[in-house]
Amino acid sequence: MFNDRSTPLSLLSTRRSGKPRDLIAPGPDDAQLEQILEIAARTPDHGKLAPWRFVIVPADKRARLAEVITAAYRAERPQAARLEIEALEQFATQAPTLVVVLSSPKVDSHIPLWEQQLSAGAAGMNLLHAAHALGFAGGWLTGWAAYSDAVRDAFGAEPERVAGFIFLGTPVKQLEERPRPDLQKIISNWQG
Ligand SMILES: Cc1cc2nc3c(=O)[nH]c(=O)nc-3n(C[C@H](O)[C@H](O)[C@H](O)COP(=O)(O)O)c2cc1C
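In this report, the structure presented in the accompanying data block is examined. (Residues numbered from 1 in each chain as written. Predicted model: local features only at pLDDT ≥ 70, side-chain atom pairs only at ≥ 80, totals over all residues. Heavy atoms only, no water.)

### Some details on helix α2 (residues 30–40)
Here's step 1: Those residues of α2 not exposed but buried are Leu33, Ile36, Leu37 and Ala40. All buried residues of α2 project into a common sector of 95° when viewed along the axis, lining one side. Opposite the buried face of α2, at more than 90 degrees from it, the exposed residues are Ala31, Glu34 and Glu38.
Here's step 2: Packing partners of the buried residues in α2 comprise β2 (52–56), β3 (97–103), α5 (113–133) and β5 (161–171).
Here's step 3: Its side-chain oxygen 3.1 Å from the backbone nitrogen of Ala31, Asp29 forms the N-cap of α2. (Buried < 20%, exposed > 50% of the residue type's maximum accessible area, 1.4 Å probe, protein only. Helix = DSSP H or I, 4+ residues; strand = E, 2+ residues; numbered from the N terminus. Arc of directions from axis to C-beta. Contact = heavy atoms within 4.5 Å. Polar contact = N/O pair within 3.5 Å; in protein donor to acceptor, adjacent residues only side chain to side chain.)

### As for the nonpolar core
Here's step 1: Formed by 27 residues in total, the largest nonpolar core has its most connected members in Ile69, Val100, Trp144, Val151, Phe155 and Phe165.
Here's step 2: Sorting the residues of this core by element identifies α3 (62–76), α4 (82–93), β3, α6 (143–146), α7 (149–155) and β5 as the ones contributing at least two each.
Here's step 3: For this core, the element with the highest residue contribution is α3, accounting for five residues.
Here's step 4: With sequence-adjacent residues up to four places away left out, Phe165 is seen in contact with Phe91, Leu98, Val99, Val100, Gly139, Trp140, Leu141, Thr142, Ala145, Ala146, Val151 and Phe155. (Core = buried A, V, L, I, M, F, W, Y, C linked by side-chain atoms within 4.5 Å.)

### Details of the packing of α3 against α4
Here's step 1: One way to put it is that α3 packs onto α4 with a least axis distance of 8 Å and a crossing angle of 145°. Once α3 is placed against α4, the crossing between them reads as right-handed. Mapping the contact onto sequence places Arg62, Leu65, Ala66, Ile69, Thr70, Tyr73 and Arg74 in α3 and Glu84, Ile85, Leu88, Glu89, Phe91, Ala92 and Thr93 in α4.
Here's step 2: Looking at the contact of α3 with α4, its residues break down into eight nonpolar, two polar and four charged. (Axes fitted to C-alpha atoms, helices over the stretch in contact; angles between N-to-C directions. Left-handed = near helix turned anticlockwise from the far one by under 90°. Nonpolar A, V, L, I, M, F, W, Y, C, P; charged D, E, K, R; others polar.)

### Describing the site of the ligand
Here's step 1: Near the ligand you find Arg15, Arg16, Ser17, Trp140, Leu141, Thr142, Gly143, Arg178 and Arg180, and these make up its full shell.
Here's step 2: Here an oxygen atom of the ligand and a side-chain polar atom of Arg15 are 3.0 Å apart.
Here's step 3: Within the side chain of Arg178, an N or O atom sits 2.7 Å from an oxygen atom of the ligand.
Here's step 4: Relative to its unbound accessible area of 630 Å², the ligand is 56% covered by the protein chains.
Here's step 5: Partitioning the shell around the ligand into residue classes produces two nonpolar, three polar and four charged. (Near = heavy atom within 4 Å. Areas by Shrake-Rupley, 256 points an atom, 1.4 Å probe, with all protein chains shown as cover.)

### Section: the layout of surface pockets
Here's step 1: Each pocket or cavity is described by its volume, and for the largest pocket that value is around 210 Å³.
Here's step 2: Lining the largest pocket, in full, are Arg16, Ser17, Gly18, Lys19, Pro20, Asp22, Pro171, Lys173, Gln174, Leu175 and Glu176.
Here's step 3: Broken down by class, the residue content of the lining of the largest pocket amounts to three nonpolar, three polar and five charged. (1 Å grid on protein atoms, 1.4 Å probe; cavity = no way out; pocket = protein on both sides within 12 Å on 5 of 7 lines; lining within 4 Å. Points joined across faces, edges and corners; volume = space filled by probe spheres on them.)

Quick look at the structure:
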């Protein structure tokens, strides 16, 4: 089911996330990743502010990212258990490709911050669709690291925020559907 990319609608209706820890090589090559990010940047954006940016963490920098994240965690929680540290190392090093999506709001703009942050979320969604269109799966994680100022500072600066760590690759096994919202509960006709 999740391989049917034959029409625009089947492409959209078959995308689903892969668990980053279950994503293996191949990930997108450089040209494919550029294409994915070009599509991610085609995102509705009130005021043409491009209030987001994408930081690729190359394979040879993943160990360094693990050091940054674990150092930040230890600074905040000096009593951190070994298992917690190992989980963070695994987080930083999983999946072949990693793009950090940063919300990068322009604070001098009259466009509300909320709208700029929404646009960053939409860019992440577009990125996932583009990856799917190219035959890859993606997984969007935040976790502890996305809320650490020290980790954020490794990629950008206040008022930027990590919108997500988006991991890309090839699913190690067939993806399964997950329960979807009951449309009756989320769609209504306005009664005035
Ligand atoms: C902003 C954001 C942050 C997320 N952070 C996490 C996370 O830290 N851990 C997690 O297990 N899932 C997280 N998820 C959910 C996963 O991406 C999840 O696998 C996905 O939503 C599955 O749905 P899908 O198949 O429709 O993509 C996050 C989703 C979003 C939109």
